[in-house]
Amino acid sequence: MTPADRAARDEAEAAARDARHRADYDRQAEANRAAAVLAIAAERDDLAALMRRPPIARQATGQTTARHITGSQR
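Residues numbered from 1 in each chain as written. Predicted model: local features only at pLDDT ≥ 70, side-chain atom pairs only at ≥ 80, totals over all residues. Heavy atoms only, no water.

*Asks:* Before we go on, may I ask you to explain a nonpolar patch on the surface in this structure?
*Replies:* Together, Leu47, Leu50 and Met51 make up an exposed nonpolar region whose accessible area comes to about 340 Å². With respect to the helices and strands, the residue Met51 is situated in helix 1 (residues 3–52). (Patch = residues over 30% accessible without salt bridge, like charges linked within 9 Å, V, L, I, M, F, W, Y side chains within 5 Å. Areas by Shrake-Rupley, 256 points an atom, 1.4 Å probe, with all protein chains shown as cover. Salt bridge = Lys/Arg side-chain N within 4 Å of Asp/Glu carboxyl O. Helix = DSSP H or I, 4+ residues; strand = E, 2+ residues; numbered from the N terminus.)

*Asks:* What am I meant to see in the pattern of salt bridges here?
*Replies:* If charged atoms from side chains of opposite charge come close, those side chains can pair. The final tally for this structure, using the stated rule, is five salt bridges. For the salt bridge of Arg9 with Asp10, the shortest nitrogen-to-oxygen distance reads 3.7 Å. Owing to a relative accessible area of 39%, Arg9 belongs among the partly exposed residues under this scheme. With relative accessibility at 41%, the residue Asp10 sits in the partly exposed group. Here Glu13 makes a salt bridge to Arg9, at a shortest N to O gap of 3.9 Å. Placement of the pair is Glu13 and Arg9 together in helix 1, with a separation of four residues, close to one helical turn. Salt bridges sharing partners connect three or more residues here, namely Arg9, Asp10 and Glu13. (Buried < 20%, exposed > 50% of the residue type's maximum accessible area, 1.4 Å probe, protein only.)

So this is what it looks like as C-alpha cells:
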C-alpha cells in the first residue's frame, strides 16, 4: 500500500467519522430542543393551573385562616 493510498483511506475514514459525529450531534440537538419545548409547555400549564386557583385568605403572619370551625375549636 502506497503512502498516497493510505492518505486517501485515512481521509475517507475521517470524513465518514465526521459525518457520523455530525449526525449524532444533530440528533442530540433535536432531542434537546424537543425536551425544552415540552418543559416550557409543562411550565406554562403549571402556571395556568396556579392562576385558576382562588386566592387564599392569610393573616399578616402568613397563616391561613380556617374556613370551618369545629365544636372543639370554639
